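Topology and contacts: notes
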Amino acid sequence: MKRLACAALAAAIAFTWQTQAVAAQGAIEEIIVTATKREESIQDVPIAVTAISGTDLKARGIEDVYDLQQVVPSLVVNDSNSTTGGGTMRIRGVGTTGNNVGLEAAVGTFIDGIYRSRSGQALNDLIDVERIEVLRGPQGTLFGKNTSAGAVNVVSKKPEFEFGGNAAIGAGNYDSRRVEAAVNLPAIDDVLAFRLAGSYNERDGYYENIANNNTYNSRDRYAVKGQMLWTPSDAVQVRLIADYIDRDEDCCPASYRIVGPTGAVLRALGGNPVISNTGKVGTNYTPFEEVEDKGAVLEVEFDLGFADLTSVTGYRDFDVSRGQDVDFSNVDIYRLGNTEETFENLSQEFRLAGTIGDVDWLAGTYVYKEELSQAGGFLILASQGPAYFSALIPAAAGQLVPGNGLSGAFEQETTGWSVFTRNTWHASELLDITLGLRFSEESKDGSSIINGGGTGGVIVNNWPCATLPIAPFCNNTGYDKTRQEDEQWSGTVSVAYQLTDATNAYASYSRGFKSGGFNLDPAAFQLNPTTGAVVNDGSEFKAEVVDTYEIGTKSQLLDGLLNLNATIFYSEFENFQLNTFTGAFFIVQNVPQVNSKGIEVEYQWNVADGVFLVGGVTLAESVYDGGVIINATGDLNVPGCPPPATRRCTKLDNERLTNSPRWQASNGIMIDQPFPFADSLRLTANLNWMYRSGLNTGSDLDPQKRQSSYSLINGQIGVRSPDERYEATLWGNNLFDKEYSTIVFDSVSQTGSWSQFVGAPRMWGVTLKTNF
């Protein structure tokens, strides 16, 4: 792999010295990014970053954050039993598995400078976007909350001092309907302007209930965003952004992948556990997920003469109400009682940036507070639950009553602050040296209370306080703790050198971290109800720290017709935070070390007038370097396996991380040319191929959870007027209707069975657009 990486980078560098004849078409448009909190060309920033303009996102059919993985070759996005709680982003094969509100994301999401603390909070439709930047590797200097694997930075379009706007309406299969619009409203010339944008998105689901043909995993969401831009003088600019998002959807059932021995019990109770890769499901309870997400950003910029002062104030309020048939079968065993989750975030950042001689300097401070709560029924026995468990465990007969089960409440308060600086010394016309440093301090208060009823205190499978073959089902189990240990230095050092007029090369070291915290899950803390002794305390986990080394080149070739960028990276993660589903609950543990290494190549090529090729490929080896993992299928008494002694563990030496493909690729062609036989129209088209090599979708790396390699093809074709005022587009996603699993997991309390969430089938539609 090292030889391949070195050869690829050498080829990229050697290519810069070649002289070739080029066609007369124009150079690729320069992309400006703010990854360094300054406006710079993406080809000049010594950071591995992919940037896509809002125009190109629309042209390539990217409607939401989930779709980004189609066009960013190092990004993987998943959701599972909840789009809000189960959403996960991974970069270079590294991310934090969702489904546990106590875990923050390794890949952070920042929308208009404000941190979204969980990936699922960002899996929304994209409206009125100027560009998206995907930064790879730890971001431990400039972004408010440290991130250990990368960041997705979404930037909204600013209000302008001219009237104008756009609108689109579309329809497609699965009875999909989508409407979106944006309008720019100048009020006072060069002083005050407003911008209003909104979208509505509705679609039937593609999971089908085998009992009644009802469908699930629908879309029913709308969003509005309002902005004000006020420039009272040349030295002051004020921007206020407020947004509101509402989602009322039925996410997310699961189909069977493998039915094990418990299938006979399910059938005896009238069930029909059908194996299906196409979304055939059995459920007794209509899932629901209602989301209300709102917030505001106030950004104020002052030109002080010697420097620019920027203040960014953010407030977010994210509320979720959801419920689900969590046994994912048409036998009514369990239900997830109505669960309420609330996240409230407040942040303030100040940055001061200027230039002294040959040094561009920046210094700042950041404070952050989050309050979260979660309450509800986690596993509630339904009408057939007692009969099901009595058939499996005769000792449970007569002790279980519908309505009994496990409920709980969790609360966590996070407060943090940091100071940071980033300085670039232009040592010569060809050489830049950058030093970034950040000190962060963060504390958390966490508490939980778990209540269980009707369990009788019977010992089954050596688990005290459990009638059922799962932990813990104990009354009044919980904790109230404070964590004040996360004080961390992070930052970056980079050297950038201009090899030629067309090529820059850089080498960098960066450190990032993700704070520790509390496992806000019922299985985190267990007591013996008779003695009061702690059976297991898995309530707390340590901070995750990463060191990353990169060497890269950024080239503009063929007289500006080709951008070619390559990066070699190596990362070492210490105390990697791993969230594992055991078949009923989630266990969080720190794996001592994870290594990620590989190479990335990206390109944009204007091959002819109106014909562009764009894409890239990522080779990543992201593996565990020793350690063990707690799971449901491992061995007893594995050295290093945490207590209790009844736990099963699997050794992790050189095993690949969950949802971590070795190869990822995204390549597309975009066309914008005169329409044949009709010079008054333009032909627009694009075709995108996404490839992902085989991977294991389960955090416990069970072989049954492996998904083989697959490709997805998306495309669009349309016509528009030469002045771009009108456009009609026919689009299709997953054109060849590829069947694949996004997540495979242990069927809840059904030993030997596995369930799965499947990828979206072929979808197509027509969209009409206008600009004014």
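Small disclaimer: the values here were computed from a predicted structure and weren't measured.

This brings us to the overall build of the chain. Summing up its helical and strand segments, the chain has 4 helices and 47 strands in all. The C-alpha radius of gyration of the chain comes to 27 Å, within 12% of the 28 Å expected for a compact globule of 772 residues. Seen through its C-alpha atoms, the chain measures out along the principal axes to roughly 80 × 60 × 55 Å. Counting all 772 residues of the chain, 59% fall into the buried class. For the chain, restricting intrachain contacts to residue pairs at least 6 apart in sequence, the fraction spanning at least 24 positions comes to 69%. Accessible surface for the chain amounts to roughly 29,700 Å². Of this, 55% is attributable to carbon and sulfur atoms.

Moving on, we get to the packing of aromatic side chains. Summed over all chains, the structure comprises 21 aromatic pairs. An angle of 40 degrees between the planes, with centres 6.0 Å apart, marks the rings of phenylalanine 163 and phenylalanine 772 as tilted. Here phenylalanine 163, found in the loop between strand 10 (150-156) and strand 11 (164-172), pairs with phenylalanine 772, found in the segment after strand 47 (763-771); they are 609 residues apart in sequence, far enough to count as distant. Note on phenylalanine 163: relative accessible area 56%, which makes it exposed. Residues phenylalanine 318 and phenylalanine 343 carry aromatic rings whose centres are separated by 6.2 Å and whose planes lie at 65 degrees to one another, so their mutual orientation is edge-to-face. With phenylalanine 318 in strand 21 (residues 308-324) and phenylalanine 343 in strand 22 (residues 334-356), this pair connects stretches of sequence that are 25 residues apart. Accessibility assignment for this pair places phenylalanine 318 and phenylalanine 343 in one class, buried. Within the aromatic cluster, the residues linked to one another by ring pairs are Phe110, Tyr115, Phe143, Tyr366 and Tyr368.

It is worth spelling out the side chain of glutamate 370 at this point. Summarising the element assignment, glutamate 370 is placed in strand 23 (residues 359-381). Engagement of the side chain of glutamate 370 in a polar contact is seen with the side chain of tyrosine 368, the distance being 3.4 Å. Apart from the residues lying within four places of it in its own chain, the contact partners of glutamate 370 are Ser117, Arg118, Phe343, Glu344, Asn345, Gln412, Glu413 and Thr414.

A word on the state of the cysteines. Evaluated as defined, the whole model comprises 2 disulfides. One disulfide in the model links cysteine 251 with cysteine 252; its S-S distance is 1.2 Å. The pair formed by cysteine 251 and cysteine 252 is uniform in burial state, with each residue classed as buried. One disulfide in the model links cysteine 641 with cysteine 649; its S-S distance is 1.9 Å. Between cysteine 641 and cysteine 649 the disulfide shows an S-S torsion of about 60 degrees. By sign, it is right-handed.

A few words now on helix 4 (residues 385-392). Regarding helix 4, the residues found buried are Gly385, Pro386, Tyr388 and Phe389. Down the axis of helix 4, the sector holding all buried residues measures 160 degrees, keeping them to one side. Contacts from the buried residues of helix 4 go to helix 3 (262-268), strand 22 and strand 23.

Before going further, it helps to spend a moment on the pattern of salt bridges. Enumeration according to the criterion identifies 40 salt bridges in this entry. A salt bridge links glutamate 104 to lysine 444, with the nearest nitrogen and oxygen atoms 3.6 Å apart. Placement of glutamate 104 in the loop between strand 6 (94-95) and strand 7 (107-111) and of lysine 444 in strand 25 (residues 431-452) is noted, with a sequence separation of 340 residues between them. Across this residue pair, the class does not change: glutamate 104 and lysine 444 are buried.

The 3 strands lie next to each other as 4-5-6, forming an open sheet whose pairing is antiparallel. Of all the strands in the sheet, the pair left with one neighbour each is strand 4 (75-78) and strand 6. Sheet analysis places strand 4 next to strand 5 (residues 88-91), joined by 4 bridges and oriented antiparallel. Its bridge partner being in strand 5, valine 76 is matched across the sheet by arginine 90.

A few words now on the sheet that holds strand 38 (residues 648-651). The strand order 36-38-37 describes an open sheet built from 3 strands, whose pairing is antiparallel. Edge positions in the sheet fall to strand 36 (628-631) and strand 37 (635-636), since each has one partner strand and no second. Pairing of strand 37 with strand 38 involves 2 bridges; the strand directions are antiparallel. Bridge assignment links leucine 636 to a residue of strand 38, and that residue is arginine 648.

Right, let's get into the confidence of the model for the chain. Mean pLDDT over the chain works out to 87, with 91% of the residues at or above the 70 mark. Throughout residues 1-24 the model reports pLDDT below 50, and contacts reaching past four residues in sequence, or to other chains, amount to 34 contacts. Every residue in residues 453-473 is under pLDDT 50, and counting partners more than four places away or in other chains gives 61 contacts.

To continue, consider unusual backbone geometry. In this structure, cysteine 252 follows cysteine 251 across a cis peptide bond, with omega equal to 0 degrees. With respect to the helices, strands and loops of the structure, cysteine 252 is situated in the loop between strand 17 (236-249) and strand 18 (255-258). Even without glycine at this site, asparagine 654 takes up a positive phi of about 60 degrees. Looking at the element boundaries, asparagine 654 is found in the loop between strand 38 and strand 39 (663-675). For glutamate 724, which is not a glycine, the phi torsion comes out positive at approximately 60 degrees.

Moving on to the nonpolar core. Judged by nonpolar contacts, the single largest core of 48 residues is most densely connected at Tyr207, Ile333, Tyr334, Phe389, Leu520, Phe745 and Phe757. Contributions of two or more residues to this core are made by helix 3, strand 21, strand 22, strand 23, helix 4, strand 24 (405-426), strand 45 (741-746) and strand 46 (754-758). When near neighbours in sequence (up to four residues on either side) are disregarded, phenylalanine 745 contacts Ala254, Phe328, Phe581, Lys705, Ser753, Trp754, Ser755, Gln756 and Phe757. With 35 residues, the next largest nonpolar core counts Ala122, Val546, Phe573 and Val594 among its residues.

Relative to the elements of secondary structure, threonine 313 occurs in strand 21. Between the C-alpha atoms of threonine 313 and alanine 353, which are 40 residues apart in sequence, the distance is 18 Å. Side chain to side chain, threonine 313 and glutamine 348 meet in a polar contact 2.4 Å long.

We now examine the environment of alanine 760. Turning to its location among the elements, alanine 760 is positioned in the loop between strand 46 and strand 47. Relative accessible area serves as the criterion here: at 28%, alanine 760 is assigned to the partly exposed category. Alanine 760 sits 26 residues away from asparagine 734 along the chain, and the two C-alpha atoms are 7.8 Å apart. If sequence neighbours within four positions are ignored, alanine 760 has contacts with Tyr206, Asn734 and Tyr740.

Now for the environment of aspartate 486. By the secondary structure assignment, aspartate 486 is in strand 26 (residues 477-500). For aspartate 486, a relative accessible area of 3% gives the class buried. Taking the C-alpha atoms as reference points, aspartate 486 and asparagine 345, separated by 141 residues in sequence, lie 19 Å from one another. Not counting residues within four places of it along the chain, the set of residues in contact with aspartate 486 comprises Ser440, Glu441, Glu442, Ser515, Gly516 and Ala543.

Together, Ile169, Val179, Tyr200, Tyr222, Ile717, Leu730, Trp764, Val766 and Leu768 give the surface a local cluster of nonpolar side chains, amounting to about 810 Å² of exposed area. In terms of residue count, strand 47 provides more of the nonpolar patch than any other element does, 3 residues in total. Tracing the backbone shows isoleucine 169 in strand 11. By relative accessible area, isoleucine 169 is classed as partly exposed at 49%.

So, about the side chain of glutamate 180. By secondary structure assignment, the location of glutamate 180 is in strand 12 (residues 176-188). Within polar-contact distance, the side chain of glutamate 180 engages the side chain of arginine 178 at 3.4 Å.

What counts and how
- Residues numbered from 1 in each chain as written.
- Predicted model: local features only at pLDDT ≥ 70, side-chain atom pairs only at ≥ 80, totals over all residues.
- Heavy atoms only, no water.
- Helix = DSSP H or I, 4+ residues; strand = E, 2+ residues; numbered from the N terminus.
- Rg over C-alpha atoms; globule rule 2.2 N^0.38 Å.
- Buried < 20%, exposed > 50% of the residue type's maximum accessible area, 1.4 Å probe, protein only.
- Contact = heavy atoms within 4.5 Å.
- Areas by Shrake-Rupley, 256 points an atom, 1.4 Å probe, with all protein chains shown as cover.
- Phe/Tyr/Trp six-rings, centres within 6.5 Å; stacked < 30°, edge-to-face > 60°.
- Polar contact = N/O pair within 3.5 Å; in protein donor to acceptor, adjacent residues only side chain to side chain.
- Disulfide = S-S within 2.5 Å.
- Arc of directions from axis to C-beta.
- Salt bridge = Lys/Arg side-chain N within 4 Å of Asp/Glu carboxyl O.
- Pairing = 2+ DSSP bridges.
- pLDDT = per-residue confidence, 0-100.
- Core = buried A, V, L, I, M, F, W, Y, C linked by side-chain atoms within 4.5 Å.
- Patch = residues over 30% accessible without salt bridge, like charges linked within 9 Å, V, L, I, M, F, W, Y side chains within 5 Å.

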